[in-house]
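Take a look at the letters that make up each chain.
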Amino acid sequence: MTEELFATDAYRRSFDAAITEVDREAGRVALARTAFYPGGGGQPHDLGTLDWGTGPAAVTRVKREGGRIWHWLDAPELPGEGSEVAGELDWNRRHLLMRTHTALHVLCGVVWSEFAIPVTGGNMEPGSGRLDFPLESISTELGRRLEGRINEELAAARAVVVEFLGRDAADADPALIRTAANLIPREIDPLRVIDIVGLDKQADGGTHVASTAEVGAVRVTGTESKGKGNKRVRIEVVEAPAPA
């Protein structure tokens, strides 16, 4: 099993680890521990480098498979099993993804507070993302209202807390039931939970900033109908306005 450093410290951008497996045919290695997020829940995998003494090699893909996290490398030769490597994230990209992911959770919380409906799907790239909701209708005016509410919540500097809850406690938590955490397989125990204190609480494996204020500001860039009872909201993360 790969130790997932990103799950407890999203701000860790470098680390040392031993290689536990080498797949030369696929050009990838598995590590004993990693700060590289392998992708999931709509959040893309991280990019960066691994260095085993011959200079940094680009990590071009990261994926979780059967308890291991594999790192694809752009390198003519791969290191051997047991070799020590130094990992370095593309921090600017990762931090932008953290801001984006947190902004999407704020959008979830705002929509829940107004309509009491959960999110049904979503995706993101660094700096932008979208979420789908079972709304009956959507409009440009609603998009503007959501944008204002999101930015109010971001400016409120709400703490973003990572918790690990046992399944019995998680399944009994009304805030998690409404985000369908009870549909996650029972063997995942405990659940990793992201709590934007006072606004939104979800079982989530991705990376987030520590305060909503760190997101900056958000612009709603589009509202779309994807069919009956399925409406899409697109957002873009922008820098916070300069103080007056």
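A quick note: this is a predicted structure, and the numbers were derived from the prediction, not measured. (Residues numbered from 1 in each chain as written. Predicted model: local features only at pLDDT ≥ 70, side-chain atom pairs only at ≥ 80, totals over all residues. Heavy atoms only, no water.)

Novice: I would appreciate a short explanation of the overall build of the protein chain in the present structure.
Specialist: Check the secondary structure of the protein chain and you find four helices and 15 strands. Here the C-alpha coordinates of the protein chain stretch approximately 55 × 45 × 35 Å along the principal axes. Every one of the 244 residues in the protein chain was classed for burial, and the buried ones make up 45%. In the protein chain, 65% of the contacts between residues at least 6 apart in sequence involve partners at least 24 apart. As presented, the protein chain carries roughly 11,400 Å² of accessible surface, and 50% of it is formed by carbon and sulfur atoms. Averaging the positions of the 28 positive and the 37 negative side-chain charges in the protein chain gives two centres separated by 6 Å. (Helix = DSSP H or I, 4+ residues; strand = E, 2+ residues; numbered from the N terminus. Buried < 20%, exposed > 50% of the residue type's maximum accessible area, 1.4 Å probe, protein only. Contact = heavy atoms within 4.5 Å. Areas by Shrake-Rupley, 256 points an atom, 1.4 Å probe, with all protein chains shown as cover. Lys, Arg positive; Asp, Glu negative; His and termini not counted. Charge placed at Lys NZ, Arg CZ, Asp CG, Glu CD.)

Novice: Any chance you could explain the pairing of strand S12 (residues 191–196) here in plain terms?
Specialist: Along any regular strand the residues' side chains alternate between the sheet's two faces. Summarising burial for S12: six of the six residues are buried, a large majority. Every second residue of S12 is oriented toward a common face, with Leu191, Val193 and Asp195 on one face and Arg192, Ile194 and Ile196 on the other, all of them buried. By the bridge criterion, six bridges tie strand S11 (residues 160–165) to S12 in an arrangement that is antiparallel. Pairing of Leu165 across the sheet is with Leu191, part of S12. Both S12 and strand S13 (residues 200–203) contribute to a ladder of four bridges, which runs antiparallel. (Pairing = 2+ DSSP bridges.)

Novice: Explain the pairing of strand S15 (residues 231–238) here, please?
Specialist: Relative to S15, strand S10 (residues 128–133) runs antiparallel, the two being bridged by six bridges. Residue pairing in the sheet places Phe133 in a bridge with Lys231 of S15. For strand S14 (residues 217–225) and S15, the ladder comprises eight bridges, and the chain directions are antiparallel. The partner of Gly222 across the bridge, within S15, is Arg234.

Novice: Any chance you could explain the sheet that holds S11 here in plain terms?
Specialist: In any sheet, the strands associate via hydrogen bonds between backbone groups, in a parallel or an antiparallel arrangement. A sheet is described by the order of its strands in space; here three strands give the open sequence S11-S12-S13, paired in antiparallel fashion. Two strands in the sheet have a free side with no partner beyond their single neighbour: S11 and S13. Neighbouring strand axes in the sheet, compared pairwise and without regard to direction, differ in orientation by 20° on average. Together, S11, S12 and S13 form the strand contacts of helix H1 (residues 91–115), whose direction differs from that of S13 by roughly 115°. (Axes fitted to C-alpha atoms, helices over the stretch in contact; angles between N-to-C directions.)

Novice: Looking at this model, I keep getting lost on the pattern of salt bridges. Mind explaining?
Specialist: Opposite charge on two side chains makes pairing possible when the charged atoms of those side chains draw close. By the definition in use, this model includes 17 salt bridges. As a salt-bridge pair, Arg68 and Glu21 come within 3.0 Å of each other at their nearest N and O atoms. With Arg68 in strand S7 (residues 68–74) and Glu21 in strand S2 (residues 14–23), this pair connects stretches of sequence that are 47 residues apart. Salt-bridge contacts for Arg130 lead to Asp132; the nearest nitrogen and oxygen are separated by 3.1 Å. (Salt bridge = Lys/Arg side-chain N within 4 Å of Asp/Glu carboxyl O.)

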